[in-house]
Amino acid sequence: MSQQTERHYKLKHLLDAGRCLSKQHLLHELGTSPASLKRDLTFLRDRMNAPVIFDRERGGYRLDHAAQQVGTQYELPGLWLNADEIHALLTMQHLLANLDAGGLLGPHIAPLIARLNKLLGTGANTTSTELARRIRVQTVGARQLHVPNFQSVGSALLRRQRLLIHYHGRGRDVGHEREVSPQRLIHYRSNWYLDAWCHWRDALRSFAVDAIQRTQVLDKAAINVPETELDAILGSGYGIFAGREVQWARLRFTPERARWVAAEGWHPKQRGQFEPDGSYLLEIPYADPRELVMDILRHVPEVEVLGPASLAATVREKLFAGVQKFGGGLTP
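Residues numbered from 1 in each chain as written. Predicted model: local features only at pLDDT ≥ 70, side-chain atom pairs only at ≥ 80, totals over all residues. Heavy atoms only, no water.

Student: Is there a simple way to think about the pattern of salt bridges in this case?
Tutor: Oppositely charged side chains can form a pair if their charged atoms are brought close together. The final tally for this structure, using the stated rule, is 12 salt bridges. We note a salt bridge from D16 to K12, for which the minimum N-O separation is 2.2 Å. With a gap of four residues between them, D16 and K12 both fall in helix α1 (residues 3-16), about one helical turn apart. The exposure class of K12 is buried, given its relative accessible area of 12%. In the salt-bridge network here, residues are joined through shared partners; they are R162, E179 and K220. (Salt bridge = Lys/Arg side-chain N within 4 Å of Asp/Glu carboxyl O. Helix = DSSP H or I, 4+ residues; strand = E, 2+ residues; numbered from the N terminus. Buried < 20%, exposed > 50% of the residue type's maximum accessible area, 1.4 Å probe, protein only.)

Next comes the structure, spelled out in structure tokens:
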């Protein structure tokens, strides 16, 4: 904590005591000059929104609690930041805002960002513009979310209440209602998913939040599923697809592609090693091959599926189906 920040903290603490403090008393307690005291009082009043006034009748400075709006805070309790720390927070906010495709966080943290900008002082009004110029985040494939649905899902999740959702399953293009007990929200590949206990299926299911068309928070307590069970069923396979029957894919990448793949995280439990010829052998658990097949196809022809045979056959079928669409005369 800088000396200036420490002095601000001490001044605010003195004023919080509720007394009317003379200028000489403040100068003695803070050990500072009259000019610095004036700047410090201005900082608390203009930057921290503290209702500091000079009481002429009592001959000192105090907080005008009548002028402070109900519920308004003029500090970040226990959190005093220097300029570098504020810039770091604003940078993180800028990154989150760009990753937050549905605009879910922005409305809620906007007052905090305005306060941080104000704390930076002169030129702070250009901070957001400067960050936008200097830091660029590009997301691909992110889906737009219906904010009220996301908020009700998050509320039910944290309050441990059940939800009635109207869900549109894209695979079969049908909608249905489900009563679910929310367990956790997953942000995966720029999209949000809700892991929940489905009371209709009497099993764990994962729902894409953007496919939830309507929600109703029910006056029923949600059941809690142990995290070990959640991970065993919904977190053991590859990607967002769940299942208990886990197999291990064995993939070999050419030496040229190995340098990139070896640095990538495909699954928390993946196993990888370089071969003597420079190729890279990657082993990944999966329960449903759909998403894994898509990722394997990204690396064709620099990848070979060593097993299982069923996975290799699925990749081969997809490849030949693509060749056929482009007018090729090949057959599997």
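On we go from here.
Student: Any chance you could explain the confidence of the model for the protein here in plain terms?
Tutor: Should the pLDDT be low somewhere, the predicted coordinates at that spot are not to be read in detail. On average, residues of the protein score 82 in pLDDT, and 79% of them reach the 70 mark or higher. At the level of individual helices and strands, the protein shows its lowest average pLDDT in helix α5 (residues 106-119), which scores 68, and its highest in strand β11 (residues 303-307), which scores 97. (pLDDT = per-residue confidence, 0-100.)

Student: Teacher, can you tell me more about the pairing of strand β4 (residues 174-188) here?
Tutor: Here is the key point about a regular strand: its side chains alternate between the two faces of the sheet. Across seven bridges, strand β3 (residues 161-169) lies against β4 in antiparallel orientation. From the neighbouring strand, H166 faces β4, where its bridge partner is E177. Bridging between β4 and strand β5 (residues 191-198) involves eight bridges; their strand directions are antiparallel. Looking across to β5, one finds that Y188 is bridged to N191. The turn joining β4 and β5, which pair antiparallel and follow one another in sequence, is formed by two residues; a positive phi near 50 degrees is taken by R189. (Pairing = 2+ DSSP bridges.)

Student: What am I meant to see in the packing of α1 against helix α2 (residues 23-30) here?
Tutor: The relative placement of two packed helices comes down to the angle between their axes together with the axis-to-axis distance. For the pair α1 and α2, the least separation of the axes is 11 Å and the interaxial angle reads 135 degrees. Taken together, the axis directions place α1 and α2 in an arrangement best described as oblique. The two elements α1 and α2 meet at a crossing, and its hand is right-handed. Contacts from R7, K10, L11 and L14 of α1 reach α2 at L26, E29 and L30. In terms of residue class, the contact of α1 with α2 is built from four nonpolar, no polar and three charged. (Axes fitted to C-alpha atoms, helices over the stretch in contact; angles between N-to-C directions. Parallel < 35°, antiparallel > 145°, perpendicular 65-115°, else oblique. Left-handed = near helix turned anticlockwise from the far one by under 90°. Contact = heavy atoms within 4.5 Å. Nonpolar A, V, L, I, M, F, W, Y, C, P; charged D, E, K, R; others polar.)

Student: Quick question: what am I supposed to make of the sheet that holds strand β6 (residues 203-208) here?
Tutor: Whether parallel or antiparallel, the strands of a sheet pair through hydrogen bonds between backbone atoms. Ordered by their spatial adjacency, five strands build an open sheet running β6-β5-β4-β3-β7, and the pairing between neighbours is antiparallel. A single partner strand is all that each edge strand has here, and the edge strands are β6 and β7 (212-221). Going across the sheet, the axis of each strand differs from the next one's by a mean of 45 degrees, ignoring polarity.

Student: Help me understand the sheet that holds strand β8 (residues 247-253), please; the structure alone is not making it clear to me.
Tutor: Reading across the sheet, the four strands line up as β9-β10-β8-β11 and stay open at both edges, with antiparallel pairing between neighbours. The open sheet has two edge strands, β9 (271-274) and β11, and neither has a second partner. The mean inter-strand angle of the sheet, taken between neighbouring strand axes irrespective of direction, is 20 degrees. Sitting on the sheet, helix α11 (residues 309-325) is in contact with β8, β10 (280-286) and β11, with an inclination near 145 degrees to β11.

Student: Explain the packing of aromatic side chains to me, please; I cannot follow it from the model alone.
Tutor: We describe a pair of aromatic rings using the distance from one ring centre to the other and the angle between the two ring planes. Throughout the structure, instances matching the rule amount to six aromatic pairs. Ring centres 5.0 Å apart and planes at 80 degrees place the aromatic pair Y167 and F207 in the edge-to-face group. One end of the pair, Y167, is in strand β3; the other, F207, is in strand β6, with 40 residues separating them in the sequence. Neither residue differs from the other here; Y167 and F207 are each classed as buried. (Phe/Tyr/Trp six-rings, centres within 6.5 Å; stacked < 30°, edge-to-face > 60°.)

Student: Which parts of the structure should I look at to understand helix α8 (residues 227-234)?
Tutor: Counting along an α-helix, one turn takes 3.6 residues, and residues three or four places apart therefore face a common direction. Among the residues of α8, those classed as buried are L230, I233 and L234. Around the axis of α8, the buried residues are gathered within 80 degrees of arc, so they sit on the same side. Against the buried residues of α8 lie β4, β5 and β6. (Arc of directions from axis to C-beta.)

Student: How should I be thinking about the side chain of D288 in this particular structure?
Tutor: With respect to the helices and strands, D288 occurs in the loop between β10 and α10 (290-297). For D288, a relative accessible area of 14% gives the class buried. Reaching out from D288, the side chain makes a polar contact with the side chain of R290 at a distance of 2.8 Å. (Polar contact = N/O pair within 3.5 Å; in protein donor to acceptor, adjacent residues only side chain to side chain.)

Student: Help me understand the environment of S279 in this model?
Tutor: As for its position among the elements, S279 is in the loop between β9 and β10. On the basis of relative accessibility, which here comes to 3%, the residue S279 falls in the buried class. Residues S279 and E256, spaced 23 residues apart in sequence, show a C-alpha to C-alpha distance of 7.7 Å. Apart from the residues within four sequence positions on either side, S279 is in contact with R252, F253, T254, P255, A258, Q273 and F274. Here D277 takes part through its side chain, which lies 2.6 Å from a polar atom of the side chain of S279.

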